[in-house]
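# Tertiary structure, described
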Amino acid sequence: PAGPSLYNHPHVLGVGAYGRLQWQRLLGQQWNSGRADWLQFVHPDDLDRLGREWDALMAGRDERYAMELRLLHKDGHSVSVLARGYILRDEQGRATRVCGITTDLTAQKEKEARLNLAVAVLLQSREGVVMTDAACNIIMVNKAFTVITGYTEAEVLGKNLRLLSSGRHGPAFYQGMWNAILGAGHWEGEIWNRRSDGSVYCEWLAILALRDSHNVATHYVGSFTDLSDAKAAESRIQWLSQFDALTGLHN
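Everything quoted here is computed from the prediction, not taken from an experiment.

### Here's the deal with the sheet that holds strand S2 (residues 78–89)
Taken in spatial order, the three strands of this open sheet run S1-S2-S3, and their pairing is antiparallel. Looking at which strands have only one partner, the edges of the open sheet turn out to be strand S1 (64–72) and strand S3 (95–104). Strand-to-strand twist of the sheet, defined as the mean angle between neighbouring strand axes without regard to direction, takes the value 30°. Strand direction decides the pairing type here: S2 and S3, joined by nine bridges, are antiparallel. Residue pairing across strands places arginine 84 opposite isoleucine 101, the latter belonging to S3. Packing of helix H4 (residues 44–59) onto the sheet brings it into contact with S1, S2 and S3, and relative to S1 it is tilted by some 165°.

Here you go:
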């Protein structure tokens, strides 16, 4: 299935003793320097694409290349790798030699998978989630955020969190909140915010500071739950404790 140049090009696919040892560690089996021997390691679903990209490299003028592909381990699982290097060409631009390295991407792919899963959980969470940069400008919200606040993603991206302020809290409240965030790295509590339609509601908000290797806050993540129903129930209970439910008269 792969292009003929991938099998027959005379200038590529040689490996030394140390390289064979590394391939042994990567795939659990040895590569003996033959081109056909190397191709048997490539995942069958990647052969066509690899052949096309290789033919394009040989026919082009690029001096460097990089491509991701999957190789087959001896036990049957696939190993994601990054193949990259440079191409030596003669005066007519024809490839005369290819030198490169192959990097195992397994750890990186596993990290990306975990990150994608975490992002999916955040986006689908029933709690509102908002992420800001260090200046508290919004860079990400999830669907629950838009449902609770009434703001669309497009309306809030790049805007400061002050957009949600209800005006019910004084400077001392926010000062205490930010003292906790900057000191302990997190804060949580009740806060009143304002929806896009102007209505004010209560939420339980938790804010976490994300820090870099120098312990400098680079992002803030807030997750919140709408307490409107709970507050309404609380008010109803307080009313019933003072008034008769049937007549509305004081108890």
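### Examining the packing of aromatic side chains
As enumerated under the stated definition, the model contains five aromatic pairs in all. Between phenylalanine 145 and phenylalanine 224, the aromatic rings sit 5.9 Å apart at their centres with planes inclined by 75°, giving edge-to-face as the arrangement. Of this pair, phenylalanine 145 sits in helix H6 (residues 143–149) while phenylalanine 224 sits in strand S8 (residues 217–226), placing them 79 residues apart in sequence. Each member of the pair, phenylalanine 145 together with phenylalanine 224, is buried. Consider the rings of phenylalanine 173 and tryptophan 187, whose centres lie 6.0 Å apart with planes at 85°: the pair is edge-to-face. Placement of the pair is phenylalanine 173 in helix H8 (residues 171–184) and tryptophan 187 in strand S6 (residues 186–194), with a sequence separation of 14 residues. Members of the aromatic cluster, joined through ring pairs, are Phe173, Tyr174 and Trp187. The cationic tip of arginine 168 hangs over the ring face of tryptophan 192; the distance from NZ or CZ to the ring centre is 4.2 Å. Between arginine 195 and the ring centre of tyrosine 201, over which it is positioned, the NZ or CZ distance is 4.1 Å.

About the criteria used
- Residues numbered from 1 in each chain as written.
- Predicted model: local features only at pLDDT ≥ 70, side-chain atom pairs only at ≥ 80, totals over all residues.
- Heavy atoms only, no water.
- Pairing = 2+ DSSP bridges.
- Helix = DSSP H or I, 4+ residues; strand = E, 2+ residues; numbered from the N terminus.
- Axes fitted to C-alpha atoms, helices over the stretch in contact; angles between N-to-C directions.
- Contact = heavy atoms within 4.5 Å.
- Phe/Tyr/Trp six-rings, centres within 6.5 Å; stacked < 30°, edge-to-face > 60°.
- Buried < 20%, exposed > 50% of the residue type's maximum accessible area, 1.4 Å probe, protein only.
- Lys NZ or Arg CZ within 6 Å of the ring centre and 35° of its normal.

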